[in-house]
Amino acid sequence: QVQLAESGGGLVQAGGSLRLSCAASGNIVSIDLMGWYRQAPGKQRELVARITSGGTTNYADSVKGRFTISRDNAKNTVYLQMNSLKPEDTAAYYCNADIASPPRVVFVPYWGQGTQVTVSS
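Bear in mind that the values here come from a model prediction, so they are computed numbers and not experimental data.

With that settled, consider the nonpolar core. W36, L80, M82 and Y93 are the most contacted members of the largest nonpolar core, which totals 30 residues. Among the elements of the structure, strand 3 (18-25), strand 4 (30-39), strand 5 (46-51), strand 7 (67-72), strand 8 (77-82), strand 9 (91-100) and strand 11 (115-120) are those that each provide at least two residues to this core. Ranked by the residues each element gives to this core, the list is headed by strand 9, at five residues. In this structure Y93 touches E6, L20, W36, Y37, R38, V48, F67, L80, M82, G114, T115 and V117, once residues within four positions along its chain are discounted.

Structure representation (structure tokens):
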């Protein structure tokens, strides 16, 4: 059974920083894309940032220059460093990863349970 466990959310003032972590565990053969999405109340879930196994990244325009995604392949973990946080960054943040595990040989998307980030003005 593959699981994604997020940590690092919380309450921070505008201009502050938070670092989110997401560790994949279970019987894992390989992990392809890893990423972070967020969903604010009344809005659709949106991509924040994602990173390939080779380290190629892409970001939503709204977070470019403020957020940095990284990963540690040896630890099956992805991180999101969030700086210069704004009230509009307030949302539940979800980790996503495309993971191959036995007996399948295809990548299947998995989601974490979500961690709340609240930015006060």
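Here the focus is the pattern of salt bridges. This model, assessed by the stated rule, comprises four salt bridges. A salt bridge links R38 to E46; the nearest nitrogen and oxygen atoms lie 2.7 Å apart. Using a relative accessible area of 7% as the deciding quantity, one classes R38 as buried. What makes E46 partly exposed here is its relative accessible area of 37%. Taking the shortest distance from any N to any O, the salt bridge between D61 and K64 comes out at 3.1 Å. Ionic contacts of the salt-bridge type, sharing partners, join the residues R38, E46, R66 and D89 into one network.

A few words now on the environment of E88. Tracing the sequence through the fold places E88 in the loop between strand 8 and strand 9. It is 37 Å that separates the C-alpha atoms of E88 and N27, two residues lying 61 residues apart in sequence.

Parameters at a glance
- Residues numbered from 1 in each chain as written.
- Predicted model: local features only at pLDDT ≥ 70, side-chain atom pairs only at ≥ 80, totals over all residues.
- Heavy atoms only, no water.
- Core = buried A, V, L, I, M, F, W, Y, C linked by side-chain atoms within 4.5 Å.
- Buried < 20%, exposed > 50% of the residue type's maximum accessible area, 1.4 Å probe, protein only.
- Helix = DSSP H or I, 4+ residues; strand = E, 2+ residues; numbered from the N terminus.
- Contact = heavy atoms within 4.5 Å.
- Salt bridge = Lys/Arg side-chain N within 4 Å of Asp/Glu carboxyl O.

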